[in-house]
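Examination of the molecular architecture
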Amino acid sequence: MTGDLLNLEGVTKSYASGGLLARRTFNAVDGVSFALDASRPEIFAIIGESGSGKTTLARMILNMVAASAGAIRFRGKALATIRGRRARLDFMRQVQPIFQNPYEAFNPLKRVDRYLYATARRLAGVGRKEVDRVCDEALRKVGLSLAEVRGRFPHELSGGQLQRTAIARALISGPALLVADEPVSMVDASLRMSIVELFKALRDELGVSIVYITHDLATAYHISDRIIIMQKGRVVEGGDARTVLDNPQHPYSKLLKSAVLSPDNAGIDAQAATHASDPNTVPVNVRSV
Ligand SMILES: Nc1ncnc2c1ncn2[C@@H]1O[C@H](COP(=O)(O)OP(=O)(O)OP(=O)(O)O)[C@@H](O)[C@H]1O
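Residues numbered from 1 in each chain as written. Predicted model: local features only at pLDDT ≥ 70, side-chain atom pairs only at ≥ 80, totals over all residues. Heavy atoms only, no water.

1. Details of the sheet that holds strand β1 (residues 4-17)
Put simply, the rule reads: We treat two strands as partners when DSSP finds at least two bridges between them. Put simply, DSSP marks the helices as runs of H or I at least four residues long and the strands as runs of E at least two long, and each gets a number from the N terminus on. By definition, residues are in contact when any of their heavy atoms lie within 4.5 Å. Interaxial angles span 0 to 180 degrees and are taken between N-to-C directions of axes, which are lines fitted to C-alpha atoms, for helices over the stretch in contact.
An order of β2-β1-β4-β5 is seen for the 4 strands of this open sheet, with the pairing classed as antiparallel. The open sheet is flanked by β2 (24-37) and β5 (77-78), the only strands paired with a single partner. With 10 bridges connecting them, β1 and β2 associate as antiparallel partners. Within the sheet, the bridge partner assigned to S17 lies in β2 and is R24. On the sheet, helix α1 (residues 54-61) packs against β1, β2 and β4 (69-74) and is oriented at approximately 125 degrees with respect to β1.

2. Some thoughts on the site of the ligand
Inclusion rule: We define proximity as follows: a residue is near a molecule or strand when any one of its heavy atoms falls within 4 Å of that partner. Throughout this description, a polar contact denotes any pair of N or O atoms lying within 3.5 Å of each other; where both atoms belong to protein, one of them has to be capable of donating a hydrogen while the other can accept it, and for residues adjacent in sequence the pair is counted only when both atoms sit in side chains. Per-residue accessibility takes into account occlusion by the displayed protein chains alone, with areas from the Shrake-Rupley method and a 1.4 Å probe. Three classes are used, and their members are as follows: Ala, Val, Leu, Ile, Met, Phe, Trp, Tyr, Cys and Pro are nonpolar, Asp, Glu, Lys and Arg are charged, and the others, Gly among them, are polar.
Close to the ligand lie Y15, F26, A28, E49, S50, G51, S52, G53, K54, T55 and T56. Note that an oxygen atom of the ligand is positioned 3.5 Å from one of the backbone N or O atoms of E49. A distance of 2.7 Å separates an oxygen atom of the ligand from a polar atom in the side chain of T55. Here the ligand, which alone exposes 640 Å², has 58% of that area covered by the protein. If one sorts the elements of the shell around the ligand by residue count, α1 sits on top with 3 residues. Residue composition of the shell around the ligand, grouped by class: 3 nonpolar, 6 polar and 2 charged.

3. Digging into the UniProt feature "domain: ABC transporter" (unreviewed entry) in the chain
Operational definition: UniProt positions are given in the numbering used here, feature names are shortened, and annotations may be inferred rather than shown by experiment.
According to UniProt, the feature "domain: ABC transporter" (unreviewed entry) maps to residues 6-257 in the numbering used here. Secondary structure over residues 6-257 splits into 40% helix and 27% strand, and the C-alpha atoms at its two ends are 28 Å apart.

4. A few points about the environment of G10
You can see G10 is positioned in strand β1. On a C-alpha basis, the gap between G10 and I72 in space is 8.7 Å, while along the polypeptide they are 62 residues apart.

5. Digging into the pairing of β1
The hairpin turn running from β1 into β2, its antiparallel successor, is 6 residues long, and G18 in that turn takes a positive phi close to 85 degrees. Pairing analysis gives 5 bridges linking β1 to β4, with the strands arranged antiparallel. The residue of β4 that forms the bridge with T12 is A69.

6. Remarks on the sheet that holds strand β10 (residues 234-240)
Adjacent strands of a sheet form backbone hydrogen bonds with each other and so pair up, either parallel or antiparallel. Overall, mixed pairing links the 6 strands, which are arranged β6-β7-β8-β3-β9-β10 in an open sheet. Edge positions in the sheet fall to β6 (95-98) and β10, since each has one partner strand and no second. Sheet twist, expressed as the mean angle between neighbouring strand axes with direction ignored, is 15 degrees. For strand β7 (residues 177-181) and strand β8 (residues 209-214), the ladder comprises 5 bridges, and the chain directions are parallel. Pairing of L178 across the sheet is with I210, part of β8. In the packing of α1 onto the sheet, contacts are made with β3 (43-48), β6, β7, β8 and β9 (226-231), and the angle to β7 comes to roughly 155 degrees.

Here you go:
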């Protein structure tokens, strides 16, 4: 397929802040632009400290929150124009979320296979007789099987197994894009690399693109094709992951780099760079890098 899978142009999200008497607005996300090519599946990392706007951006890409300005297009269609149940379901089939905490994503009182079955039946429209096979296939793509998770409650699986199950669930509808918001930060450090390695396999074997949101530079360096670095809602630097992280230009990126680079350090985060702020930073259009 040619053209952009995902295209963001000047995407901004404003919120009100302050009390009634000192009301003002601030931009949680401020003029972010980038595009993913439909013909080249990739892992695109969005990196930044807490409060830099990553989750807000993810929620806009998932069409859970509307942008205040700018446009997000998926396969050429502006998300703002998606109306009605059918169009929403169609979008959800193609763009699936992976959330940070798998124990929050699954109700503790509900068996996890119920989620897989419901997704297969309702979202992917799988017939009753095919449900087991489809769920098993999705689980096998993440290194599990239906036999391993059938009848289990969330607490009966490890954090890593549960996050894999969440990824399997996201794969059932055959999405072209996964938006993974801090998908390994609640997973044991020893299992993180195996889950991010799984993203690489999904990219290479299934052709799925992944927006990987993280403050963990080690995993981002290890698996990403391209990255953007966000600070206070703005993109301060972006481009090829290795190029940016090997030779960062922005003071904030330089501090991030000084914190981590080895995959063995997969727990070090970006918070150390909190003070590398430069309020005069000009937003970067990643298309041009
Ligand atoms: N619904 C909202 N109303 C008001 N402010 C909000 C809302 N959602 C987010 N914010 C603010 O927007 C800014 C960006 O938040 P966001 O959660 O996107 O950052 P983040 O980079 O994902 O941080 P974290 O890693 O801690 O989740 C923060 O200052 C946050 O307080």
